[in-house]
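Topology and contacts: notes
So you can see what is in the structure, the chains are spelled out below.
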Amino acid sequence: MSGLAIKNVRKSYGAVDIIHGVDVDISDGEFVILVGPSGCGKSTLLRMIAGLEEITGGEISIGGRTVNNLQPKDRDIAMVFQNYALYPQMTVAQNMGFALELAGAKRADIDRKVGEAAKILGLQPLLGRKPAQLSGGQRQRVAMGRAIVRDPKVFLFDEPLSNLDAKLRVKMRAEIKALHQRLKTTIVYVTHDQIEAMTMADKIVVLQGGKVEQIGTPLELYDRPRNVFVAGFLGSPAMNFLEGKLTGGANPRLRLPSGTAIELSAAPVQSDGREVIIGIRPEDLSFARDGGVPARVTVVEPTGSETHVALDLEGRELTWVMRQRAELTPDQTVNLSLRSSNVHFFDKQTQQRL
Ligand SMILES: Nc1ncnc2c1ncn2[C@@H]1O[C@H](COP(=O)(O)OP(=O)(O)O)[C@@H](O)[C@H]1O
Ligand SMILES: [Mg+2]
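Residues numbered from 1 in each chain as written. Chains lettered and ligands numbered in written order. Predicted model: local features only at pLDDT ≥ 70, side-chain atom pairs only at ≥ 80, totals over all residues. Heavy atoms only, no water.

**Focus on helix 2 (residues 92-102)**
Two residues of an α-helix separated by three or four positions point the same way, owing to the 3.6 residues in each turn. Those residues of helix 2 that sit buried are Val92, Asn95, Met96, Gly97 and Leu100. As for helix 2, its buried residues are in contact with helix 3 (107-121) and helix 4 (136-148). Phi turns positive, to about 85°, at glycine 104, one or two residues after helix 2. (Buried < 20%, exposed > 50% of the residue type's maximum accessible area, 1.4 Å probe, protein only. Helix = DSSP H or I, 4+ residues; strand = E, 2+ residues; numbered from the N terminus. Contact = heavy atoms within 4.5 Å.)

**Considering the domain arrangement of the protein chain**
Segmenting the protein chain into domains produces domain 1 (4-233) and domain 2 (240-347). Computed from C-alpha atoms alone, the centre-to-centre distance between domain 1 and domain 2 is 39 Å. Of the residues lining the interface, nine residues belong to domain 1; the matching set on domain 2 comes to six residues. Summing both partners gives a buried area of about 620 Å² for domain 1 against domain 2, and 62% of it is carried by carbon and sulfur. Ranking the residues of domain 1 by area buried against domain 2 places Tyr222, Val228 and Ala231 at the top, with a combined share of 72%. Joining domain 1 to domain 2, the criterion identifies zero salt bridges. Applying the counting criterion to the domain 1 and domain 2 interface returns two residue pairs in polar contact (both at pLDDT 80 or more). Mapped onto the side of domain 1 that touches domain 2, the elements with two or more residues apiece are helix 7 (218-223) and helix 8 (228-233). (Domains from an automatic or database assignment. Buried area = accessible area lost by both parts, 1.4 Å probe. Salt bridge = Lys/Arg side-chain N within 4 Å of Asp/Glu carboxyl O. Polar contact = N/O pair within 3.5 Å; in protein donor to acceptor, adjacent residues only side chain to side chain.)

**Topic: the site of ligand 1**
The full set of residues close to ligand 1 is Tyr13, Ile18, Pro37, Ser38, Gly39, Cys40, Gly41, Lys42, Ser43 and Thr44. Contacts to ligand 1 include glycine 39, whose backbone N or O atom sits 2.7 Å from an oxygen atom. Here ligand 1 loses 55% of its free accessible area of 570 Å² to cover by the protein chains. Counting residues per element, the shell around ligand 1 draws most heavily on helix 1 (residues 42-50), which supplies three residues. When grouped by side-chain class, the residues that make up the shell around ligand 1 number four nonpolar, five polar and one charged. (Near = heavy atom within 4 Å. Areas by Shrake-Rupley, 256 points an atom, 1.4 Å probe, with all protein chains shown as cover. Nonpolar A, V, L, I, M, F, W, Y, C, P; charged D, E, K, R; others polar.)

**Details of the pairing of strand 4 (residues 57-62)**
As defined by bridge partners, strand 1 (residues 4-13) adjoins strand 4 across five bridges and the pair is classed as antiparallel. Across the sheet, residue lysine 7 finds its bridge partner in strand 4, namely glutamate 59. As paired strands, strand 4 and strand 5 (residues 65-66) are joined by two bridges and run antiparallel to one another. Within the sheet, the bridge partner assigned to serine 61 lies in strand 5 and is threonine 66. Following strand 4, the chain reverses through two residues before pairing antiparallel with strand 5; glycine 63 in that reversal takes a positive phi of roughly 60°. (Pairing = 2+ DSSP bridges.)

Right, dumping it as structure tokens:
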């Protein structure tokens, strides 16, 4: 049992509260991603799991054992940092075996474990090189190799891909996911990048300002975001939002502040008259031949596989992702329709899902 439980964990630096009581349950073998904007407390939380940072309140347990007062080396975790922290004067093999050496492992065992990890990561031809003779992606793999040889209960990753270029990031994303599928070790992975979270995680924990906003699988969060923050944070391009008042009873409409009314296919029960924020994913927008509300095309961006269209609706910018090739030009007017769109409803005051 190598699950991890974080119970009502808090952190303050002096009088400043940084983490406000976080609860997360992580099952054995689960790949969990902590995601949120810069400064929301992701690294602090991860460092508390690692034991590099004291916790102000609450409890952390790994494999059923409370670790609050255990030294990092006694927690059976291995951490991979953003800057890799490789020893420049050591070869790849020496870097990977160093922790085992420190722990007093036998030479033959070290060589075997380093060899196995090198095989898993495709590092065999590079074992004799120094870090300076490696590419960014190779260094990243060595840092992972160093964690793997220790055979920990839990891997902790803090933004491991943020120093890599975009193309390499995509490749390493797939490699880390494949590695997890192979090793099935519990992973807690921190990133500010929602695409990493969506593509890699079994479970996502969205954090903001030291609080959990929502926990769920990537698609649960994408399909049913609990509030406006989660709705806007996950998904690229981001969800479109419109504010207004629900009217029309059985024929629901969103009345914009200007008075323009947009027809909706449905609205939450007993919400007539309510001030709301509605959210529509860019791929869920659609257009009517007649009826609907006029919107002006401002920018057309073909990506090849799809087209991103920026629209102006009474001064609000909306993004439409079309799967088909668009015959649209800037300044053209199209008729926005939400009658067949999947619309998310949020209360304007509380920002919570209705
Ligand atoms: N040693 C420290 N002393 C005081 N404040 C800190 C310290 N470390 C981090 N913080 C603050 O805690 C908050 C969370 O930081 P951090 O966990 O690094 O965020 P993230 O990793 O999500 O970007 C930030 O506001 C940061 O300024
Ligand atoms: Mg950080």
